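One-letter residues, chain by chain:
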Amino acid sequence: MDVTLCIYDLTGGMAKAMTGPSGAFSGMLDGKTVDMVPHTSVRAFGSEIVFAGGVRKQPAAGMRDMMGRTPDRLEAMGATQKTEAELDAFLVSVAPSWTAASYDLWTKNCNNFSEAVVRFLCGRSIPAWILELPNEIRPTPLGQVIAPMMASQQDALKNQLARGGGLIEAVPSPPPPAPEGPTMTVTVKAAAAGGEGPKKLTVSATATVGDLRELLQVDGAPRFVFMGKLLKDDAKTLKSYGVKDGLVILVVGARMSSSPASSPAPAAASSPPAARALDVAAATPLELAIARAEASGGADVLKTLHKILSNVAHHPTETKYQQLKLGNAAFQRKCLSKDGARAVLEAAGFSERDGALHITPSASAWVPLSEAERALSARLDALEAAAA
């Protein structure tokens, strides 16, 4: 049985126009033109298999009517030796891991699912450019611009495909076994107001950040924050970040599963927001600069810095956000008069020229800018949650 990869362009040609020689983002991907931003599905046994609001297997003949379009490309993946019954059993087995709640636009999407299906059926990978593209465009101005459009298109596709049914029901996974050896209890709660309630979890005393992610059944890349510090390395233990029994960890930017291995409980008392667990010897220049700025100007200066960086990130083609005049009285009062504020901007990529701080968006410049914006956002989330 032949297996085919169906490739649809989520942008309808917009990505190619924007990154071409005369496009608004020409040159920001080291001269590369992005031909399309792909949405994929897999055709086999007369069905089209896709990750859209869960795992779906629908008649291939009806896809054009449901989606209102045909694939922009069809890629032959080869022949499979699996039977349709084996495919169905595989889809049932993976459905709990590919749910609507686990979807992530950049890291766990339809293309990642197509990769898993093709590997099962044919023992090979889908084209590398499809899997590598998110990492190339995510930190760039193009990624910032098209992300809302991609999310909107995915939602529309999900709704269209939902009308055709074919959803593979996910059988709930059994709860993980209780940890062996010494344990500690931590409370995890959403940093943003209106998020899910706190959850009290019992974990191994040597549990890593990755273990916490798995226990909460969160996918993608949610950020964990403890006393203002990002827990950014999944391989490190919670203890190495200073987490101890009875303390609170904040989760930012992702929903927690409604059924972790333990039940919700009231949040434990956390340290006041101004108490920063910052290891000066191990801290990065950006972390030190943010701490200095907060000590000098509190949350107000952090909000000002975050607004400056967000303007650049979210409006990468507007030059008015790429220049900060050093002589501007309001800028002096709200930002430059605070110790550490200028260092935050410089760590984000701003540099002085002709009496102003300038930043020029590019593929390489977008990495420090994004890191600084996320770090400020995490600290502000932590301050807000601690004050609530």
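The sections below set out a description of the structure shown in this document. Being a predicted model, the structure only gives us computed values, none of them experimental.

What counts and what doesn't
- Residues numbered from 1 in each chain as written.
- Predicted model: local features only at pLDDT ≥ 70, side-chain atom pairs only at ≥ 80, totals over all residues.
- Heavy atoms only, no water.
- Core = buried A, V, L, I, M, F, W, Y, C linked by side-chain atoms within 4.5 Å.
- Buried < 20%, exposed > 50% of the residue type's maximum accessible area, 1.4 Å probe, protein only.
- Helix = DSSP H or I, 4+ residues; strand = E, 2+ residues; numbered from the N terminus.
- Contact = heavy atoms within 4.5 Å.
- Salt bridge = Lys/Arg side-chain N within 4 Å of Asp/Glu carboxyl O.
- Phe/Tyr/Trp six-rings, centres within 6.5 Å; stacked < 30°, edge-to-face > 60°.
- Lys NZ or Arg CZ within 6 Å of the ring centre and 35° of its normal.
- Arc of directions from axis to C-beta.

Comments concerning the nonpolar core
Part 1: Among the nonpolar cores identified, the biggest contains 29 residues, and Leu305, Leu309, Leu345 and Phe350 are the most heavily contacted of them.
Part 2: Elements with a contribution of two residues or more to this core: α8 (285-314), α9 (329-336), α10 (341-347) and α11 (366-387).
Part 3: Top contributing element to this core by residue count: α8, with 11 residues.
Part 4: Those residues within four positions of Phe350 in sequence are excluded, and the remaining contacts are Ile308, Leu309, Val312, Tyr321, Gln322, Leu324, Leu345, Leu357, His358 and Ile359.
Part 5: Residues Leu5, Ile7, Val94 and Leu121 belong to the second largest nonpolar core, which totals 24 residues.

Describing the pattern of salt bridges
Part 1: Counted under the stated rule, the structure contains nine salt bridges.
Part 2: The salt bridge involving Glu48 is made with Arg43; its shortest N-O contact spans 2.6 Å.
Part 3: In this structure Glu48 comes out as buried when scored by relative accessible area, which is 0%.
Part 4: Of the residues examined, Arg43 reaches a relative accessible area of 25% and is grouped as partly exposed.
Part 5: Residue Arg213 pairs with Asp234 through a salt bridge whose shortest N-O separation is 2.9 Å. Of this pair, Arg213 sits in helix α7 (residues 209-216) while Asp234 sits in the loop between β9 (229-230) and β10 (248-252), and the two are 21 residues apart along the sequence.
Part 6: Classification of Arg213 as buried rests on a relative accessible area of 12%.

Points about the packing of aromatic side chains
Part 1: Inspection of every chain in the model, using the stated rule, returns five aromatic pairs.
Part 2: The interplanar angle of 85° and the centroid separation of 5.2 Å between the aromatic rings of Phe51 and Trp98 together place this pair among those described as edge-to-face. Here Trp98 lies in the loop between α3 (84-94) and α4 (110-122) and Phe51 lies in strand β3 (residues 47-51), a separation of 47 residues in the sequence.
Part 3: For Phe51, a relative accessible area of 2% translates into the label buried.
Part 4: Site record: aromatic cluster; members linked through ring pairs are Phe51, Trp98, Tyr103 and Phe113.
Part 5: Stacked on the ring of Phe120, the Lys or Arg Lys82 has its end atom at 4.8 Å from the ring centre.
Part 6: The residue whose ring lies beneath Lys108 is Trp98, and the NZ or CZ to ring-centre distance is 4.8 Å.

Quick look at α3
Part 1: Within the span of α3, buried status applies to Leu87, Phe90, Leu91 and Val94. Down the axis, α3 shows its buried residues gathered within 100° of arc, on one side only.

These figures capture arrangement, not role.
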